[in-house]
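Observations on the three-dimensional arrangement
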Amino acid sequence: MNVAPKRDSYDVVVIGAGPAGLAAAATAAEADLSTLLLDENAGPGGQVWRAIASTPVTERDRLGSDYWAGAELVRAVRTSGAEIIQRATVWSLDRHLEVGVSIDGASSLVKARRVILATGALERPFPIPGWTLPGVMTAGAAQTMLKSSGLVPDGQTVIAGQGPLLWLLAAQILRLGGRIDRILDTTERRNYFAALPHAFAFMTSPYFAKGLAMMREVRAKVPVVTGVSELSAAGDGRLATVTYAAGSRRETIPAELLLLHQGVVPNVNLAMAAGVEHRWDDLQLCWSPALDHNGSTSVEGIAIAGDGAGIGGAEAALVRGRIAARAAVEALAPAAAATLAPMATFRASLAQAERGRAFLDTLFRPARQFRIPSGDTIVCRCEEVTAKDILDAVAIGATGPNQLKAYRRSGMGPCQGRLCGLTVTELMAQARGKNPQEIGYYRLRAPVKPITLAELAAMPKTEADVQAVVRG
Amino acid sequence: MTKLADAIIVGGGIHGCSTALHMCLAGMKPVLIEKDYAGRHASGVNAGGVRQLARHVAEIPLSIRSMGIWERIEELVDDTCGFESHGQVLVAENDAEFDACRARVAELNALGFTHEELIDGPELRRLVPAVAESCPGGVVSRRDGAADPARTTTAFRRKAAALGATVCEGVAATNIRKEDGLWRVDVGADSYAGPVLVNAAGAWAGGIAAALGEPVPVETVAPMLMITSRVPHFIDPVVILRGRKLSFKQFADGTVLIGGGHLATPDQDRNETVLDWRGLAISARTVFELFPVMRSATIVRAWAGIEARTRDELPVLGPSARHSGLYHQFGFSLHGFQLGPGAGAVMTELIANGGTQTRIGDLSIDRFHRSTP
């Protein structure tokens with residue numbers, strides 16, 4: 001049973017209970033700071049350790065040993081004294097460090113002295129022709145079903161895209177007896193050469209051996225087509241076929257399910273709505289917050305840890321969570337900081353966890369044609385805006401994503417740009433001959449997750465409201 | 001280098017863009033300077049109300065002038081601007097408020113204004129079926145409506161540029177001065193010079209006026225708005241309340257815009273606002289009580305635009321009392337959007353012809369200086 005936060009204000013509010021958030025909350029609470037951990041899911045773990053406390057999958061090797069490492073950290077947080085609220089949707093954060101949160105259909109506002117955002121990553125949009133058809137979904141959505149319910153595909157299934165998570169998901173599906181008919185690998189051939197200078201660092205990273213073994217395991221069971229340079233989905237009202245081109249080969253194959261994935265990008269919505277400055281990352285091709293070495297943002301009191309700070313994977317996320325929390329402890333309770341592991345230890349662990357990241361970023365840099373669509377391909381699903389619509393708006397004077405709202409309403413639907421924002425920025429940058437930094441991003445507005453009018457209306461009145469009315 | 005223009009307009013909101021467009025129609029070649037982009041602040045993110053209803057008597061002539069332009073807006077700017085005319089209705093929630101409505105309409109009629117019409121309970125519920133049974137009546141202005149503010153401001157800017165206005169976006173006007181009989185303004189590496197300067201800089205206009213020795217009692221405010229998910233169509237006119245702060249409008253796509261003037265904290269230097277959720281909660285409670293159909297709707301976005309509010313909540317419109325060639329067009333105090341098209345036309349008449357038939361004398365800047373020693 002969920003209840004509202006016990007207090008009106010906390011030393012530290014951590015948002016998100018993936019590796020970064022769990023580590024941050026545990027560290028802050030162990031130093032005796034009043035700590036609130038808010039998480040949107042039914043249980044802790046985030047995406048990488050989703051359903052870690054409740055998964056029906058009991059045979060450990062099927063999800064891999066990295067998955068089960070999460071259980072240890074969950075135990076640590078639960079005994080740390082942190083107040084943990086699951087199914088808590090944070091819908092607002094501002095530069096006064098006031099957090100709007102919805103729990104069990106009731107909203108409240110809590111104040112923090114420090115906020116650590118650990119809202120993780122989102123899958124990058126994959127706007128190919130037909131990507132909005134029923135039967136096409138993201139690999140991440142499939143993984144969520146697999147982890148929380150043990151559900152795997154049993155019809156004709158095609159997985160297309162690239163990146164470590166694509167291979168991980170494929171391995172997990174196969175181990176649980178699911179069906180995959182074909183994997184269409186969209187990694188650009190030239191990326192292998194570009195990534196070569198980073199290969200040595202990667203080979204000494206913890207991901208190397210695991211990644212190689214996983215790919216070998218999948219390739220033994222599923223035909224893999226590499227060098228896929230064109231991709232589209234088609235069907236009458238639902239997915240029926242997938243068409244691809246690889247080199248001189250072009251083929252149309254039947255499919256009931258197409259799982260798309262081309263990497264993850266920071267989930268920036270809450271941070272941007274709070275006014276945190278972000279910059280375009282030319283390597284990872286996404287917006288990342290401007291951070292100092294402790295994860296502190298341009299907004300006083302707000303830090304970001306985990307993949308929301310720039311994609312780094314679960315191990316890096318965990319360490320960044322500890323660093324951000326230790327910095328908060330140093331600021332709020334310097335004496336207590338002495339009880340924690342020294343910052344230098346964390347920084348050494350982070351360097352180790354980040355080894356090989358440049359290799360992965362370079363190898364799995366998504367190809368331009370899969371990021372920047374053309375013609376009738378839908379860009380904004382909420383308002384059904386096509387690539388051509390956006391180019392037409394640019395031609396009559398729309399200069400950036402915010403002006404585009406006036407022409408096409410793109411980004412104004414319920415997803416608040418999560419499914420179209422990167423595409424719109426890159427598409428407009430290409431059309432206007434500018435770089436994405438100059439084009440900018442949607443100005444994001446709270447509530448970053450919808451709340452009902454009834455819930456807002458029922459929000460408890462504070463002492464200050466009552467006084468305001470009396471003053472009239 | 002210095003470029004010459006017939007007029008320099010500072011501020012690319014609906015007012016600056018409208019003045020630029022009307023100047024072009026009068027054969028002038030203005031330059032419009034906007035530090036962000038046209039419609040970035042209040043002009044692009046306001047409620048879009050096209051309202052003659054419930055205005056201060058001093059600005060009614062300007063509002064009526066503007067309404068005539070709104071009704072042929074597509075001819076003027078080649079875009080419908082999303083303008084729809086389903087009327088605006090002021091709801092009285094009790095008998096005392098209804099009495100005040102009756103007195104107001106009588107006052108306007110005595111002054112010769114007929115756009116506001118008193119309506120009884122049955123007519124109110126015919127126009128706004130969802131309103132609570134307890135409301136005794138209200139006032140309607142039937143030609144009023146609403147438009148899409150960002151689209152409108154953008155359309156004025158685009159048409160002005162097409163007719164020969166120079167539009168500079170993304171660079172602030174600095175070092176505003178008068179030298180050798182000409183107004184001069186630096187815009188990045190360039191300078192513009194011209195015989196006329198129009199101060200239409202919205203929340204930033206008060207600072208410009210003060211720097212030119214003509215301070216006005218004006219503050220920066222940020223009225224909040226929120227929009228809901230789509231709900232089944234249930235209301236056509238824009239609804240405002242007589243007693244409580246609320247404005248309410250359903251769009252063709254079913255989404256509902258809720259406003260009414262609760263304020264966010266503006267941060268003018270950062271181009272930002274910090275929302276006050278307690279204020280928005282009050283608006284939500286008002287809607288919850290008045291329109292039960294809205295209770296399950298979700299709030300998808302809330303925001304606030306930065307603008308200027310004068311002490312008497314009336315705009316400053318007309319020539320400077322201190323400098324020749326300087327004109328002010330700012331301080332619209334949360335209700336300037338509908339006035340934009342008309343104010344641009346009037347401003348152009350003042351500049352090109354030296355006078356206007358539209359009565360705007362009560363909006364002049366010297367009203368703030370008459371009684372001070």
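Since the structure is predicted, the reported quantities are computational estimates derived from the model, not experimental observations. (Residues numbered from 1 in each chain as written. Chains lettered and ligands numbered in written order. Predicted model: local features only at pLDDT ≥ 70, side-chain atom pairs only at ≥ 80, totals over all residues.)

Moving on: the overall build of chain B. Counting its regular elements, chain B contains ten helices and 23 strands. By the compact-globule yardstick of 21 Å for 373 residues, chain B fits well, its C-alpha radius of gyration being 21 Å. Considering only C-alpha atoms, chain B reaches an extent of 65 × 45 × 45 Å along its principal axes. Relative to its full complement of 373 residues, chain B shows a buried share of 54%. (Helix = DSSP H or I, 4+ residues; strand = E, 2+ residues; numbered from the N terminus. Rg over C-alpha atoms; globule rule 2.2 N^0.38 Å. Buried ≥ 20, exposed ≤ 12 C-beta atoms within 10 Å, placed from the backbone.)

For chain A, the count of helices and strands is 19 helices and 22 strands. Its C-alpha radius of gyration of 23 Å places chain A within 12% of the 23 Å reference for a compact globule of 472 residues. Seen through its principal axes, chain A has C-alpha atoms that stretch 70 × 55 × 40 Å. Classification of the 472 residues of chain A by burial places 51% in the buried group. Looking at chain A alone, contacts between residues at least 24 apart form 70% of all its contacts between residues at least 6 apart. (Contact = placed C-beta atoms within 7 Å.)

Residue and element names in this part refer to chain A. Across the sheet, which stays open at both edges, the five strands sit in the order β8-β15-β9-β10-β11 with parallel pairing between neighbours. Either end of the sheet is taken by a strand with one partner, and the two such strands are β8 (136-138) and β11 (224-225). Strand direction decides the pairing type here: strand β9 (residues 157-162) and strand β10 (residues 182-185), joined by four bridges, are parallel. Counterpart to A160 in the pairing with β10 is L184. Each of β9, β10 and β15 (257-262) touches helix α4 (residues 164-175); the most contacted strand, β9, lies at about 155 degrees to it. (Pairing = 2+ DSSP bridges. Axes fitted to C-alpha atoms, helices over the stretch in contact; angles between N-to-C directions.)

Another point: the interface of chain A and chain B. Often, the extent of an interface is quoted as the loss of accessible area on bringing the components together. Contact residues are listed per partner, giving 27 residues for chain A and 30 residues for chain B. If you list the elements that add at least two residues to the side of chain A that touches chain B, you get α15 (401-408), β22 (451-452) and α18 (453-457) of chain A. It is α18(A) that provides the largest number of residues to the side of chain A that touches chain B, a total of four residues. Class assignment for the residues of the side of chain A that touches chain B results in 13 nonpolar, nine polar and five charged. Note: β22(A) against strand β20 (residues 298-304) of chain B, two bridges, orientation antiparallel. The residue bridging A:I451 from the neighbouring strand is B:I299, located in β20(B). (Nonpolar A, V, L, I, M, F, W, Y, C, P; charged D, E, K, R; others polar.)

Confidence along chain B averages 95 in pLDDT terms, with 99% of residues attaining 70 or more. Under the prediction, the complex receives an ipTM of 0.90, its pTM being 0.92. (pLDDT = per-residue confidence, 0-100.)

In terms of nonpolar packing, the biggest core is built from 238 residues, with A:V13, A:A24, A:I116, A:L258 and B:I8 touching the most fellow members. At eleven residues, helix α9 (residues 314-332) of chain A tops the list of elements feeding residues into this core. With residues near it in sequence (within four places) discarded, A:A24 still touches A:V14, A:I116, A:A118, A:A305, A:G321, A:R322, A:A324 and A:A325. (Core = buried A, V, L, I, M, F, W, Y, C linked by C-beta atoms within 7 Å.)

On to the packing of helix α3 (residues 139-149) of chain A against α4(A), then. Residue and element names in this part refer to chain A. Closest axis-to-axis distance for the α3/α4 pair is 10 Å, and the angle between their directions is 35 degrees. In this structure, α3 crosses over α4, and the sense of that crossing is left-handed. Contacts between α3 and α4 involve A139, A142, Q143 and L146 on the former and, on the latter, L165, L166, L169, Q172 and I173. (Left-handed = near helix turned anticlockwise from the far one by under 90°.)

Next up on the list: the environment of B:L111. Residue and element names in this part refer to chain B. Examined against the element boundaries, L111 turns out to sit in the loop between α5 (95-110) and β6 (117-120). Classification of L111 by C-beta neighbours within 10 Å gives exposed; the count is 10. Sequence separation between L111 and Q357 is 246 residues, and the spatial gap between their C-alpha atoms is 17 Å.

We now examine unusual backbone geometry. For the bond running from A:A446 to A:P447, omega is -5 degrees, close enough to zero to count as cis. The phi dihedral of B:D78 is positive, around 60 degrees, even though this residue is not glycine. Note that B:D78 resides in the loop between α4 (73-77) and β5 (88-92). Here B:D78 falls in the exposed class, since 11 other C-beta atoms lie within 10 Å of it.

In this section: the packing of α4(A) against helix α7 (residues 206-219) of chain A. All names here are of chain A. Contact geometry for α4 and α7: axes closest at 9 Å, N-to-C directions at 50 degrees. With respect to α7, the element α4 is oriented oblique. In this structure, α4 meets α7 at a crossing whose hand is left-handed. Residues P164, W167, L168, A170, A171 and L174 of α4 form the contact with α7, whose own contacting residues are Y207, G211, M214, M215, E217 and V218. (Parallel < 35°, antiparallel > 145°, perpendicular 65-115°, else oblique.)

It is worth spelling out helix α1 (residues 19-30) of chain A at this point. Residue and element names in this part refer to chain A. An ideal rise of 1.5 Å per residue puts 16 Å on twelve residues; α1 measures up with 16 Å between its terminal C-alpha atoms. With respect to burial, α1 is a largely interior element, twelve of its twelve residues being buried. When α1 is considered as a whole, its buried residues turn out to be P19, A20, G21, L22, A23, A24, A25, A26, T27, A28, A29 and E30. In the core, the buried residues of α1 are packed alongside β1 (9-15), β2 (35-38), α2 (65-78), β6 (106-117) and α9. Within two residues after α1, D32 carries a phi angle of roughly 70 degrees, on the positive side. (Expected span 1.5 Å × (residues − 1).)

Residues and elements named next belong to chain B. Counting buried positions over the seven residues of β20 gives five, a clear majority of the element. Summarising the sheet, strand β14 (residues 218-228) and β20 pair through five bridges and their orientation is antiparallel. Looking at β20, one finds that T228 is bridged to I299.

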